[in-house]
Amino acid sequence: MNQTSASDVLRALTLGLRVNPTTEAYPRNSESRTDFEEVEIDSLERIAQEVFDCQKCGLCLTRNAAVPGMGVREPLVLVVGEAPGADEDKQGLPFVGKAGAYLDEWLKALGFSRQDTVYITNLIKCRPPQNRDPHPDEIQQCSPYLDRQIALLKPRTILTVGRVPSAHFLGGAHRMEDIHGRVYEFRGIPVVPTYHPAAVLRNPDLRPVVWKDLKNLHTLLVVKGLAGPLPTRSTR
Ligand code: SF4
């Protein structure tokens, strides 16, 4: 092994770079072409920075703060909402304000929290004006960020809250009353759609419906040995 090759290997390993498997790791000929190809490694931090700087759709003109998401890696549950609301746009954090506090109650009822078992994000990272539905072209521009987050996070389950993110995962337009109560799959990950916490705050009749969906989600994790029994004292 010549000195250049050895140092390249060391550098690649130190930086966490992937050595191109099609390239010989130890070329016999010192005059061969570039020994190693640096592969850009994606990261949640890189995605967050791209989201903060993003100008791919018109929502960058009206946002106060882009909201990439928050939580833990390899979460038991990835919660995906539609888009930041007014409070999220002010603070740059997902699911804050009343709906966020209510979502935290749901998670607590399952024994989870965004501090240790959950990652929370949205399909769209910037707030649509007056909280209107995101336009299809905005979803098209923004959803690759979510795809990359899912690839990195490797969530055990996905909980979609609301019609728009649920429809995104299921494909096509759907009404919540038609799709909730069942488990779907996205790239091998179970997807449980349910109502948005803000919708349940507006319509308390949806509480038992959502609780049933949440219990379905919890059961999936129990079956996989990833969660224990439900907490005896919950806030549901
Ligand atoms: S909504 Fe998404 S695509 Fe549009 S500006 Fe914000 S981060 Fe970029």
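Residues numbered from 1 in each chain as written. Predicted model: local features only at pLDDT ≥ 70, side-chain atom pairs only at ≥ 80, totals over all residues.

(A) Representation of the packing of helix H2 (residues 44-53) against helix H5 (residues 136-153) within the structure. Running from N to C, H2 and H5 point in directions that differ by 165°, and their axes come no closer than 10 Å. Regarding the angle of H2 to H5, the classification is roughly antiparallel. Both H2 and H5 take part in a crossing whose hand is left-handed. Seen from H2, the contacting residues are Leu-44, Ile-47 and Val-51; seen from H5, they are Tyr-145, Arg-148, Gln-149 and Leu-152. Grouping the amino acids of the contact of H2 with H5 by side-chain chemistry returns 5 nonpolar, 1 polar and 1 charged. (Axes fitted to C-alpha atoms, helices over the stretch in contact; angles between N-to-C directions. Helix = DSSP H or I, 4+ residues; strand = E, 2+ residues; numbered from the N terminus. Parallel < 35°, antiparallel > 145°, perpendicular 65-115°, else oblique. Left-handed = near helix turned anticlockwise from the far one by under 90°. Contact = placed C-beta atoms within 7 Å. Nonpolar A, V, L, I, M, F, W, Y, C, P; charged D, E, K, R; others polar.)

(B) Examining the sheet that holds strand S6 (residues 189-194) more closely. Taken together, 6 strands build an open sheet; the order of strands is S1-S3-S2-S4-S6-S5 and the sheet is mixed. Of all strands in the sheet, those with a lone pairing partner are strand S1 (70-71) and strand S5 (184-186), marking the two edges. Two strands pair when backbone bridges link them, and S1 and strand S3 (residues 118-122) are joined in this way by 2 bridges, in the antiparallel orientation. Bridge pairing links Met-70 to Ile-120 in S3. Against the sheet, helix H6 (residues 163-170) contacts strand S2 (77-81), strand S4 (157-161), S5 and S6, and its axis sits at roughly 135° relative to S4. Running at roughly 170° to S6, helix H9 (residues 207-223) makes contact with S2, S4 and S6 of the sheet. (Pairing = 2+ DSSP bridges.)

(C) Representation of the nonpolar core in the model. If you look at the biggest cluster of nonpolar residues, it comprises 47 residues, and the most contacted ones within it are Val-77, Leu-78, Val-79, Val-118, Leu-123 and Leu-159. In terms of residue count, the dominant contributor to this core is H5 (5 residues). (Core = buried A, V, L, I, M, F, W, Y, C linked by C-beta atoms within 7 Å. Buried ≥ 20, exposed ≤ 12 C-beta atoms within 10 Å, placed from the backbone.)

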